[in-house]
Amino acid sequence: MTAADVPQTSAEAEAAEAVAGVLAGLAGLATRRGPGGMATRDGPDGLAGLAGGRHRGVVVDSPPGAGKSALVVRATVDLAMAGEPVMVVAQTNGQVDDLTDRLALAAPRLAIGRLSAADYVPTPRVLRHLTVSVAQQAGDLAACPVIVATAAKWATLADGIWPWAVIDEAYQMRSDMLLRIAGRFERALFVGDPGQLDPFSTVESDRWLGLAWDPMQSAVAALLRNNPGIPVHRLPVSWRLPATAVPVVGEAFYPFTGFRSGTAPQQRRLEFATRGFAAWSADEPIETAAASGWALYELPARHTVRTDAEAVVACAALAERILQRGAVSFSERAPSGELVTADRIAIGTAHRDQARAVRSQLGELSVAGVTVDTANRLQGREFDVTIVLHPLSGRVDATAFHLEAGRLCVLTSRHRHACIVVARAGIPELLDAHPSTEPVHLNVPAKFPDGWEANQAVMAHLSRHRVRA
Amino acid sequence: MSTLTALARARAVASAVAQPISTVRHVHVSDRPLVLIPLALAGEASAPLAAMVGDDPGSARLLVVAQPRNRDQRFAFAAGLATVILGYIDTFRSAVEDASSGADREPRQRFADAPQVLVPNRAGIGFVRLLGRSTRFRRSDGEYAVDPAVPVLGRWLTFLAERAEYPGSCLLLAATEALALHWASGQSPVEDLNLAALLGWVDPPSGMTGPEAAAAAEDPLTCPPAGPATDPTFDNEVLAPLIAACARADGDAAAHRAEASLRAALSGQLTPTWKLMWRAVGLLRGLPPGGRVAPRWDADKDAFTGYVTYLGEGGPPQPRRDSAVAAARRLDWLERAQAGYAIQRALDDPLVMAEYRMTGEAFAGTVTAAEPGRIDGTGRRRKLRPLITVTTEDPVRIEAGTVLSTPGRPGQKALVVSVYAGRPARVVLELSGGMGRALIPVPGSVPEVGDRLCYTALSDSYQRSWPFPAREQTPWTHGGPPPEYVPADEDASEVWS
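Residues numbered from 1 in each chain as written. Chains lettered and ligands numbered in written order. Predicted model: local features only at pLDDT ≥ 70, side-chain atom pairs only at ≥ 80, totals over all residues.

A. Focus on the overall build of chain B. For chain B, the helix and strand inventory stands at 12 helices and 17 strands. Seen through its principal axes, chain B has C-alpha atoms that stretch 95 × 60 × 45 Å. Sequence-distant contacts, at least 24 apart, represent 64% of the contacts inside chain B between residues at least 6 apart. (Helix = DSSP H or I, 4+ residues; strand = E, 2+ residues; numbered from the N terminus. Contact = placed C-beta atoms within 7 Å.)

Below is the structure:
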């Protein structure tokens, strides 16, 4: 019995209703295509006739852990079952493999194509399904009603038109990537989390500021600016974030829309199989986090290089201590508790060299299996406990990169139980000394939430769960 | 700022002189660059006030606008500037060289050299861009006609300014940026924007330390700003009365006298920077060029040749804004160029590579074991696959299975077989390529025990670019196909002009 079949709580009912609304909307668009349902290749006139004044796209905004992937899978399967070939677009090979796996599990008789680059090595979770074929040419997958690939792979195709595209993590995709693949589909479902990191570039891109087709925007921003009538749906319930995290994350990063938690405050608990030592500094923060869902482990104020050795040691020591103490998580999935193993813990950083430093520190402690990565790479992933090296920790200045709301949002919204933030003291003062000074440009929609404000909101909350090292 | 640059800045403070942060020169310096120092009138967006320009340190040409608010005088100034700049560009349009690449490619020719324009700072590049924008749409007939050279100048200035965004291009350079690429001063990056102060750190006059020279450069009387903005005190006390005198002058002789005083005052503002510019050129020329500077200059020559051809075919001026497809394509070019440029600099320069060694993306060490004659017999054909072991003190964060290369052996790939982490770390590499066709390596093609080498996963090999849709196939998600671009008189108007 799954949540979607028999709603048990008001949160489930609300979430199910939102998903049903999106699917009904898609079905409405799909059935208007007329008999046959096959892709037309008769040019723009035929397409315009089919569109019949209806929208060519639907956007679904999803806060962290709101069942975005489940929606992508259901929408894809529904469309494919209705006889509409679907191209599924994700942003990384890992995401594509995950989706392929989930699609194959959801629709065991559906033929699925996994389109890949030449150097791709199929992962076990793709190979275990007999219904999944892997190929490098779209022509080899012509018999598959569903083809899954990364956006970069779809961009290599020069022809072929699919009646539907389902685009996952659409806010991570850049507008110029959408430009390359938009010729391959007639209609599209865009699903993504608007609170996450914006696409970025290493080159100066001011010359396009204010243009509706600025290639540096996210795909969804470009779509909505050029097609203002496109409906935007929103998933209302986060199944990942615990009740302790939803008010903080919602207020800081989704100030106008908000969302609610799918679980009640007592449904998620974190306990330890062993007792701590009063003198052991790593015990207090993890116990604070277990009790309240949050902890700020504050190191003495100091300006440091990016790979702050003390902060790196602290991050690794916290992960090690959680494992040593035998943390047990109680949730709606495991009411009688399950051990928090290394693969359920993640350490998130702002920069790659910081992640590398934490990884090598974990190696010295002989702790294996803990995920350590940057915010960009943790997007879309879920863990029981996360340890975050605060992007502003030890910094002399607060640059736009380090203030970006999406970065902090990703780092503080990956956990099901608790989040421990490691930081040097003095971040609120640093924020006060560096108010946002980004210029305001004409024709550029104001971006909410403001990174400076979001950082202040998160620090204000964390200060209530502060543990000094 | 990277950790190594921060260290170099700290050392510069300690030793009171700028520290080199590169061992080779990463920019091309022409034998005959054109130095251009523009000045703008305060309070008027991109209103030219004066310019000192020329390709000979001994003869600077001074152009002055007696009344910068007068549009006719502005375009007369542009026509004067066009004479100098277009004349300079024309000198590169005769000698050609063969540029056919590859055995089966079409034979192709390009100009043997290209113009190089040097301005003092990044704001100077911005001024070139704006002056280009305000002149390239002008017409030489009808109402408000301008000299026919003015719109051509506008297109060339726009070409240069757009090319300056392209990482690694040297057609239009800012002197402060070229210097900061090679030396770290003991002042902040914002203070480095001042050419005089930066040069004071890099090359202090005898008897002075870097900080003393930089402090002396802050006096606007001895070191006037390098433009385009002028010194406000000069504006109020010297420039304003002289411009007013020009406007009041009654009769040819009086006008001539007033203008001569204005020229003398502006020459006094520009000449110190003119000398600094040529000193900067001399300092850059003193560095040995990196191995990949010439190929990048070849790309600049190609771009120059391409634009000459485009103009010769009567191509319209660059549009005010990029279309959706043009913007995406340009971003793709820039990102590729940026990535390639960063890697090329590292491959050319051990000091730049040191940044990558710090982060574990490269390592330098000594060959401690070698099996030069090893044959891989597992496949259908026996292949020469020597093994070497490199021992290094660097933090190695490269995983087995990665393909590496070393700057001195471009044709040779090294597959990481295994990594024994620790200090020192040992990395076992399997070599392929660049050893001749036989099963015995050509002498010297396999590193020997005791050789010191740097291996990195960075590679500047060609990356295939996938096509963008054609302009007329701009998809509905990006507003559909844009209307055909037709240059119009309105293009020249600006909200602020």
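And the narrative resumes.
B. Broad picture of the overall build of chain A. Check the secondary structure of chain A and you find 17 helices and 19 strands. Against the compact-globule benchmark of 23 Å for 469 residues, chain A has a radius of gyration of 23 Å, which places it among compact chains. Overall, chain A is about 75 × 55 × 45 Å in size when its C-alpha atoms are taken along their principal axes. A burial count over chain A gives 50% of its 469 residues as buried. Counted over contacts in chain A with a minimum sequence separation of 6, partners at least 24 positions apart contribute 76%. (Rg over C-alpha atoms; globule rule 2.2 N^0.38 Å. Buried ≥ 20, exposed ≤ 12 C-beta atoms within 10 Å, placed from the backbone.)

C. Spotlight on the sheet that holds strand S15 (residues 345–349) of chain A. Residue and element names in this part refer to chain A. Strand order in the open sheet made by the six strands is S16-S15-S17-S18-S12-S19, with parallel pairing throughout. The sheet is open, and its two edges are formed by strand S16 (371–374) and strand S19 (466–468), each paired on a single side. Mean inter-strand twist for the sheet, computed between neighbouring axes without regard to direction, equals 20°. Packed on one face of the sheet, helix H12 (residues 352–365) meets S15, S16 and strand S17 (383–389) and runs near 165° to S16. (Pairing = 2+ DSSP bridges. Axes fitted to C-alpha atoms, helices over the stretch in contact; angles between N-to-C directions.)

D. Representation of the domain arrangement of chain B in the model. Along its sequence, chain B is organised into domain 1 (3–347) and domain 2 (362–456). The gap between the C-alpha centroids of domain 1 of chain B and domain 2 of chain B is 45 Å. (Domains from an automatic or database assignment.)

E. Highlighting the packing of helix H11 (residues 309–324) of chain A against H12 of chain A. Residue and element names in this part refer to chain A. In the contact formed by H11 and H12, the axes pass within 9 Å of each other and the chain directions differ by 50°. Classed by the angle they form, the pair H11 and H12 counts as oblique. For the pair H11 and H12, the crossing hand works out as right-handed. Listed contacts from H12 to Val312, Val313, Cys315, Ala316, Ala319 and Glu320 of H11 are Ala357, Val358, Gln361, Leu362 and Leu365. For the contact of H11 with H12, the class distribution of residues is nine nonpolar, one polar and one charged. (Parallel < 35°, antiparallel > 145°, perpendicular 65-115°, else oblique. Left-handed = near helix turned anticlockwise from the far one by under 90°. Nonpolar A, V, L, I, M, F, W, Y, C, P; charged D, E, K, R; others polar.)

F. Local environment of the domain arrangement of chain A. Residue and element names in this part refer to chain A. The domains assigned to chain A are domain 1 (10–238) and domain 2 (246–468). The centre of domain 1, based on its C-alpha atoms, is set 31 Å off from the matching centre of domain 2. At the interface, 19 residues of domain 1 touch 24 residues of domain 2. Breaking the side of domain 1 that touches domain 2 down by element, the ones donating at least two residues are helix H1 (10–31) and strand S9 (237–238). Tallied by class, the residues present in the side of domain 1 that touches domain 2 amount to nine nonpolar, seven polar and three charged.

G. Broad picture of the confidence of the model for chain B. All names here are of chain B. Within chain B, residue pLDDT values average 90, and 98% of them lie at 70 or more. At the level of individual helices and strands, chain B shows its lowest average pLDDT in strand S11 (residues 375–376), which scores 86, and its highest in strand S7 (residues 117–119), which scores 97. This complex was scored by the predictor with a pTM of 0.87 and an ipTM of 0.84. (pLDDT = per-residue confidence, 0-100.)

H. Main features of unusual backbone geometry. Across the junction of Gly227 of chain B and Pro228 of chain B, the peptide omega takes the value -5°, indicating a cis bond. Mapped onto the elements of the fold, Pro228 of chain B is located in the loop between helix H7 (210–216) and helix H8 (232–248).

I. Geometry of the interface of chain B and chain A. Opposite the 26 residues of chain B that make contact, chain A presents 27 residues. With nine residues, helix H11 (residues 324–348) of chain B is the single largest residue contributor to the side of chain B that touches chain A. Of the residues belonging to the side of chain B that touches chain A, the class tally is 12 nonpolar, eight polar and six charged.

J. Seen up close, the sheet that holds strand S8 (residues 172–174) of chain B. Residue and element names in this part refer to chain B. If you walk across this open sheet you meet the five strands as S4-S3-S2-S7-S8, and the pairing is mixed. Either end of the sheet is taken by a strand with one partner, and the two such strands are strand S4 (61–64) and S8. The sheet shows a mean angle of 20° between the axes of neighbouring strands, direction not considered. Sheet analysis places strand S3 (residues 48–54) next to S4, joined by four bridges and oriented antiparallel. Bridge pairing in S4 links Val53 to Arg61.

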